[in-house]
Amino acid sequence: MSSLLENITSDSIYLTLPATLLVAAVGIIFYRLSLHPLAHFPGPFEAKLSGSWRNRHYWQGQWHEDVVQLHKKYGPAVRIAPNELSLVDADALRLLYNHGTKAVKTDWYWVWQAPNAGPALFSALDKNIHAYLRKRVSAAYSMSSMLKYEDYMQECLDLMLQKLKKHAKAGNEVDMAKWAGYLAFDTVGSLGYGAPLGMLETESDVMALQENIHQGFTLMSNMGHYWGQARWLTNPYTMKMMEILGVPNFFDMFDKWTMKKLEARKQSENKEERLDMLSHFLKMKAPDGGPADDKDVLMEALNVIGAGADTTSIAMRACLYYLCKTPDAYRRIQQEIDEYYRSKGLRQPITYQQTLELPFFCAVTREATRLFPSIGYQLLRYAPADMIVEGKRIPIGTVLGMSPTAANRDPQVWGEDADEFNPSRWLSDEDKVRHLNTHDLTFGGTGPRTCIGRNIALIELHKFLAQFLHHFDAEFVDPEKPWRVQCMFFSNQHDMHMRIKYRNGLGDD
Ligand code: HEM
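Per an unreviewed UniProt entry, the protein carries the name Cytochrome P450 and comes from Zasmidium cellare ATCC 36951. Checking UniProt for the protein, the heading Cofactor (unreviewed entry) contains the comment "heme".

Here you go:
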């Protein structure tokens, strides 16, 4: 009798467990498909059931194209995971990203907090902490500071142009994807670390920094959607295992390398002060009024290199790409720049302020960065209130995101030619341009989380483009294969092989 009971009990356990799991799974599926508050939004079937659809597409690295197609197929509000919507909607854009927004970043951003550094501006979720961190560095990023840094930027650009001239004269093809990367990394190195990183000088990816950042960012941005995020890799146990197995830990090496630079700078600061971003960071205060911790300075320097180098080089490549694809625009912008040099009798490199006097030039940079914004992934926010999109209710707290790439092609804002490269749209009347400015998501809107490095990026981009086009002619080696794009939060372009011809004006001709 007792053995019969034991059999029944153990048999029923074997049956009960899977049966319970099955019922739970069916319940979850039923809930997500029918009862979930987002059940009435369209989207790929798999995405309604789990995050696997979104994660797989992220890993495939073509999100900048996938997200545009997604909205063409399903409309302005698409369910891309059970509790996440991708939006392309002008009202939602203003509510989530512009002045006065109450929307906060989602937990996904937590993945960007470097383990051994102070709290990061980019990933701070709490509004008050973020406001404090942002205020603390605002002077380092202000336009008046930037204009003082312009000489450091010009030094890097001079070196690049001289090197390109040498290659042009030798008839070498150049990979402008690499050169834009060298320039942007050296420039942020010069501003945030006190000296260029040596990429232009050596014509190489020093310390494989770019490659490691690309790999690290791919891991981080995608792991942000998994439970535990990057802590699977950055926890002390995994770190120790990596050390024992001799696996190089790039981020740890880079932190240590950065700390060394900061230490060296502190020592030299007493003798002679160099007025760059690092000098601002070293003067930052802690909340108690004392000097900020070294870890805080480390985080700010990492921010500059992590957020400021790839983004700016992507913008440079985007401008070159659309110009080379549109010969009329190429001719027109080059004439405008040449005429400016001629009419002003410019012997010195054109300054950022001077480029602002070139209307078509400015329109080209706006249009190229609109069509190919540096960030392709969703900028995630919690819905700050119940919202209505396409007549459907989105409850407060829902994870919402817009990809700048998709939002910047919203026909509601940009018109039927939203997919076309049309710089003239930026030369329309003031009201129209103000409207476009408000809806351009390239720099993350106009709200509190807008790009703090926008001024650096614009100075660098404008100077590079104007001087490059003045001194060189460029064309793709193979217009059918102009570049290869790998999207890993940033939409990084690679293999941009070009033939360049030196025109004149760089001295010693
Ligand atoms: C063309 C170049 C650039 C583009 C298109 C760009 C774009 C953006 C965007 C879209 C955001 C908002 C991201 C989000 O909400 O998830 C952002 C934030 C940020 N960017 Fe940029 N960026 C550029 C250059 C730079 C540069 C040069 C730096 C620094 C040197 C920089 C530093 C930052 C930082 C620190 C944040 C976080 C700001 C905050 O949360 O308060 N960016 N950027």
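Draft legend 1. Highlighting the UniProt feature "binding site: heme" (unreviewed entry) in the protein. Mapped onto the present numbering, the UniProt feature "binding site: heme" (unreviewed entry) falls on Cys451. The residue cysteine 451 is located in the loop between α21 (430-439) and α22 (454-471) in this model. For cysteine 451, a count of 19 C-beta atoms within 10 Å corresponds to the partly exposed category. Ignoring any residue separated from it by four or fewer positions in sequence, one finds cysteine 451 in contact with Phe443 and Gly444.

Draft legend 2. Broad picture of the sheet that holds strand β8 (residues 472-476). Taking strand neighbours across the sheet as the criterion, the three strands line up as β3-β11-β8 in an open arrangement whose pairing is antiparallel. One side of each edge strand has no neighbouring strand; the edge strands of this open sheet are β3 (173-175) and β8. Each adjacent strand pair in this sheet contributes to an overall mean axis angle of 40 degrees, direction not counted. Across the sheet, helix α7 (residues 143-169) touches β3, β8 and β11 (497-502), and the angle it forms with β11 is around 90 degrees.

Draft legend 3. Quick look at the domain arrangement of the protein. The domain architecture assigned to the protein consists of domain 1 (1-35) and domain 2 (36-502). Here the C-alpha centroids of domain 1 and domain 2 sit 50 Å apart. In this assembly, six residues from domain 1 lie in contact with five residues from domain 2. Looking at the side of domain 1 that touches domain 2, its residues break down into four nonpolar, one polar and one charged.

Draft legend 4. Fine view of the UniProt feature "transmembrane region" (unreviewed entry) in the protein. Taking the numbering used here, the UniProt-annotated feature "transmembrane region" (unreviewed entry) corresponds to residues 12-31. With 100% helix and 0% strand, residues 12-31 has end C-alpha atoms that lie 27 Å from one another.

Draft legend 5. Just helix α10 (residues 209-223), in detail. Compared with an ideal rise of 1.5 Å per residue, which puts 15 residues at 21 Å, α10 spans 21 Å between its outermost C-alpha atoms and is within 8% of the ideal. If you check which residues of α10 are buried, you get Leu209, Gln210, Ile213, Met220, Ser221, Asn222 and Met223.

Draft legend 6. Spatial organisation of the packing of helix α16 (residues 327-344) against α22. Where α16 meets α22, the axes come as close as 9 Å, and the angle between the chain directions of the two elements is 90 degrees. Classified by the angle their axes make, α16 and α22 are roughly perpendicular. Packed against α16, whose contacting residues are Ile333, Gln334, Ile337, Asp338 and Tyr341, the element α22 presents Ala466, Leu469 and His470 at the interface. Residue composition of the contact of α16 with α22, by class: five nonpolar, two polar and one charged.

Draft legend 7. Layout of the sheet that holds strand β4 (residues 379-382). Taken in spatial order, the four strands of this open sheet run β1-β2-β7-β4, and their pairing is mixed. Strand pairing shows two members of the sheet lacking a second neighbour, β1 (77-81) and β4, which therefore form its edges. With direction set aside, neighbouring strand axes in the sheet form an average angle of 30 degrees. Taken together, the four bridges between β4 and strand β7 (residues 399-402) define a ladder with antiparallel strand orientation. Residue pairing for β7: tyrosine 382 is matched across the bridge by valine 399. Its contacts with the sheet place helix α5 (residues 90-97) against β2 (84-87), β4 and β7, and it is angled at close to 110 degrees to β7.

Draft legend 8. Spotlight on unusual backbone geometry. One non-glycine residue, methionine 207, adopts positive backbone phi at about 55 degrees. Relative to the helices and strands, methionine 207 is located in the loop between α9 (199-202) and α10. Its identity is not glycine, yet glutamate 390 carries a phi of approximately 55 degrees, on the positive side. With respect to the secondary-structure elements, glutamate 390 resides in the loop between β5 (387-389) and β6 (392-394).

Basis of the calculations
- Residues numbered from 1 in each chain as written.
- Predicted model: local features only at pLDDT ≥ 70, side-chain atom pairs only at ≥ 80, totals over all residues.
- UniProt positions renumbered as here; feature names shortened; annotations may be inferred.
- Helix = DSSP H or I, 4+ residues; strand = E, 2+ residues; numbered from the N terminus.
- Buried ≥ 20, exposed ≤ 12 C-beta atoms within 10 Å, placed from the backbone.
- Contact = placed C-beta atoms within 7 Å.
- Pairing = 2+ DSSP bridges.
- Axes fitted to C-alpha atoms, helices over the stretch in contact; angles between N-to-C directions.
- Domains from an automatic or database assignment.
- Nonpolar A, V, L, I, M, F, W, Y, C, P; charged D, E, K, R; others polar.
- Expected span 1.5 Å × (residues − 1).
- Parallel < 35°, antiparallel > 145°, perpendicular 65-115°, else oblique.

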